[in-house]
Structure formats: structure tokens, C-alpha cells
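Structure assessment
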Amino acid sequence: MSRSLSISPILDARALFKRAVVACLAGFAVVMATAGCAQSSDSSAEESGILAGTTTTAPTGSSTTTTEPEPDPFAGRTSEPPPTIVFDDSEADRIWFSPEEGQTPEEFSPDVLTRAELVEFEPLSDPIPYQWNAPRDGIDEAYAERVVRYLDHLERAVLAASVSRSPDDPRVLAAIGSFAADQAQLDIETVVAAISSERPPEFFDWSPVEVDDLTLVEVGTLWEDKVPCMKLAMALSWTHPTLGEQLTDVVRVYVQDASGWSINPSDWRLFASAVGTDPNLVWSCD
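The sections below set out a description of the structure shown in this document.

Cut-off values and rules
- Residues numbered from 1 in each chain as written.
- Predicted model: local features only at pLDDT ≥ 70, side-chain atom pairs only at ≥ 80, totals over all residues.
- Heavy atoms only, no water.
- Pairing = 2+ DSSP bridges.
- Helix = DSSP H or I, 4+ residues; strand = E, 2+ residues; numbered from the N terminus.
- Axes fitted to C-alpha atoms, helices over the stretch in contact; angles between N-to-C directions.
- Disulfide = S-S within 2.5 Å.
- Buried < 20%, exposed > 50% of the residue type's maximum accessible area, 1.4 Å probe, protein only.
- Salt bridge = Lys/Arg side-chain N within 4 Å of Asp/Glu carboxyl O.

**A few points about the sheet that holds strand β4 (residues 227-240)**
- Across the sheet, which stays open at both edges, the four strands sit in the order β3-β4-β5-β6 with antiparallel pairing between neighbours. What marks the edges here is a single partner per strand, and that holds for β3 (210-222) and β6 (269-275). Across the sheet, the axes of successive neighbouring strands diverge by a mean angle of 25°, strand direction being ignored.
- When strand β5 (residues 244-255) meets β6, the two strands line up antiparallel, connected through six bridges. Residue pairing for β6: V253 is matched across the bridge by A272.

**Notes on the pairing of β5**
- In this sheet, β5 lies alongside β4 in antiparallel orientation, the contact comprising 12 bridges. Note that in β5 the partner of M234 across the bridge is V250.

**Let's talk about the state of the cysteines**
- One pass over the structure, following the stated rule, counts one disulfide.
- The disulfide partner of C229 is C285, and the gap between their sulfur atoms is 1.9 Å. Here the disulfide of C229 and C285 is left-handed, its torsion about the S-S bond being about -60°. You can see C229 sitting in strand β4 and its partner C285 sitting in the segment after β6, a full 56 residues away along the chain.
- On the accessibility criterion, C229 (0% relative accessible area) is buried.

**Things to note about the pattern of salt bridges**
- In the structure shown here, the tally under the stated rule is 13 salt bridges.
- D89 is the salt-bridge partner of R115, the closest N and O atoms lying 2.8 Å from each other. Of this pair, R115 sits in helix α6 (residues 115-118) while D89 is found in the loop between β2 (63-67) and α4 (90-95), placing the two residues 26 residues apart along the sequence.
- You can call R115 buried: its relative accessible area is 5%.
- In this structure, E122 and R156 form a salt bridge, with 3.0 Å as the shortest nitrogen-oxygen distance. On the criterion of sequence distance, the pair formed by E122 in the loop between α6 and α7 (141-164) and R156 in helix α7 is long-range, its members being 34 residues apart.
- Using a relative accessible area of 11% as the deciding quantity, one classes E122 as buried.

Structural data, given as C-alpha cells:
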């Protein structure tokens, strides 16, 4: 049974910014997409001298025309590594296995980042699996918002880890699968891989993205094994250090198809996302 679907790339708030930073990939243009693309792609920017810091002259008969470079929205920003936080994760230690004394995280969990490594960057609350059970009367907006906020924190933690460690660290890449699936996972892997290529890490925007006006559009199941699914419409808001306050509407689909993740006890993963308010933009839960 195949779960591979043809869905337009994720357009999630932070992801958009990340993509703008990476290559302005049209499509992931949600919240952070506006942040770095300006009006051209990286390739066109290089041709016009935007990234190279030069001007381009094009011969027109016997004269030349000089094109002034577009202002770089990242100009003047200084290098800022991912901020670390102090977060009490002792409750999780009671539930999940912990490294033995003297054991490194890599020795304890060679395949994926540990919770302890991720909470250095973002708080990951509610680690107890049964606390993530859907309400008896069914999924409601309060539960859906809780899932979204947790997965957003988890995504930011993994992205911060990719900057702090290495974008091609296999344990970082494996952690993406804890909160994203299918096309969403592929898109975020692209973002992580490019974090240190087109733009250096200091251009990543660490300001938080807020979830506003969340609406539960649809609840259902997917595939033959009836995986729980929910479609949400929401507004994402954040403040970009150069562009100021930003607001983007998105529609997202989440599936509860994971199991056994100590870094994601909710078992929900982002499946698809698109910019806009039309609930038909992404896959339906049916």
C-alpha cells in the first residue's frame, strides 16, 4: 500500500522563511517565504549582482545600462547562533529511557537526536504519551492547537540543532521524521540541507511564530489502516528582524501515523501544507 501523494510543497510559516534563505523555493512561501526572496530567486539574484554585491552591465548597441542591486533584506545582520534555553525535562526522564552515566547521546541514541539534545533549543512539554490521547468526544480545536504548537516547537528544535551541529548529521535528518511525513518531510529535509549553503546560519530567524485563529476544518482517516487525520486552517504571525510584522494564512493536514517517539509522544506528524484560506488546497481527510 503506497502513501505517496502528489501534493504541492509545504508552505509553512518558518519553512517559508527557511526556503527563502535557502533558495526562495516558490511554494514553501508561507510565513517566512517573504523573508529572504525579495523579488527574485537566488540564481536570478546572482545574475543581477544582488548576492554577489556587484552591478551588472548589459550592452545595448553602443551604450551600456547599469542595474542597481536590490537591497538585501539580510544586510547588516550579525551572526547569531541558535539560542539555548533552560528547560526542566525531568518529567520526560521518568517516562523515557535516559543515557547511563558517562554515556554520550550518540552512544545512547545513535540513530536520532535525543529529547535532551532538542530541549536545549525549544521546550517540549507534555512528554507523557497518554496525555496526548484525543478527547473522548473526538478531536476538537483545543487539542488540535496543542498538537500544532508542540510540532512547531519540535521543528524549531531540530532546525536549531541542524545549525548547531551539521545540516547533514544523520541523527538530525532522522529527527525530521518525528514531526513530518511524506512531502512535508522532503521539504524540511531540503531546508535543513541548504541551511549552510546559500545563506550562513546567522540568517535563520529565531523569533517565534504564533498560531492565531485556528479552525478545525475536517477530521477523518486516511488509507486502508484508517490513520487519524485532521485538516486545519490557521493564521501564522511573526516579526521578521528586517521586514517587521508578518502574517500568513495556511491550511495544513496532520496525520497520527507515528509511534514510539520519545521526542514526539503525540504521534502526530505534518503531512501537507499550503498558503491560503481555501480548505481544498491540500489533501482531504477521507
